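What the coordinates show
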Amino acid sequence: QVQLVESGGGLVQAGGSLRLSCAASGRTFSNAAMGWFRQAPGKEREFVAAITRSGDNTYYADSVKGRFTISKDSAGSTVYLQMNSLKPEDTAVYYCAVRRLFSGSYYTDTTYAYWGQGTQVAVSS
């Protein structure tokens, strides 16, 4: 089994910053690709960012490109999402996830096997 524990969410004013973190424990790959998704009430789950197993490449949704940065630690079991210049439309529950090996597109949530509990991010205008 794998457990993902997220932290760092909260309420912030527009233009502010938050740093989310997600630590994986239990059975997992030593250096897995990981990603962040978000879901606002009444909306579909949306891809936010992903980082490859090696950490050499990152992927971002157009809506967050240039504002958010995904990274992972050297052990590969913790992923971070630095969120700058936050906008009210960034308000959502943010989920981290571990991607399955050779599973396809980084942008598709069905290619991820394990999910965290989610952390709420609320951006006020």
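Preceding this paragraph is the structure being described.
Right, let's walk through the structure included here.

**A word on the pairing of strand 9 (residues 92-99)**
Among the 8 residues in strand 9, 7 count as buried, and that is most of the element. Taken together, the 3 bridges between strand 9 and strand 11 (residues 119-124) define a ladder with antiparallel strand orientation. Paired with A92 across the two strands is V121, which belongs to strand 11.

**Overview of the state of the cysteines**
Within the structure shown, the criterion is met by 1 disulfide. Sulfur-sulfur distance for the disulfide between C22 and C96 comes to 1.8 Å. Across the S-S bond of C22 and C96 the torsion is about 45°, and the bridge reads as right-handed. Linking C22 in strand 3 (residues 18-26) with C96 in strand 9, this pair joins segments that are 74 residues apart in sequence.

The rules behind the values
- Residues numbered from 1 in each chain as written.
- Predicted model: local features only at pLDDT ≥ 70, side-chain atom pairs only at ≥ 80, totals over all residues.
- Heavy atoms only, no water.
- Buried < 20%, exposed > 50% of the residue type's maximum accessible area, 1.4 Å probe, protein only.
- Helix = DSSP H or I, 4+ residues; strand = E, 2+ residues; numbered from the N terminus.
- Pairing = 2+ DSSP bridges.
- Disulfide = S-S within 2.5 Å.

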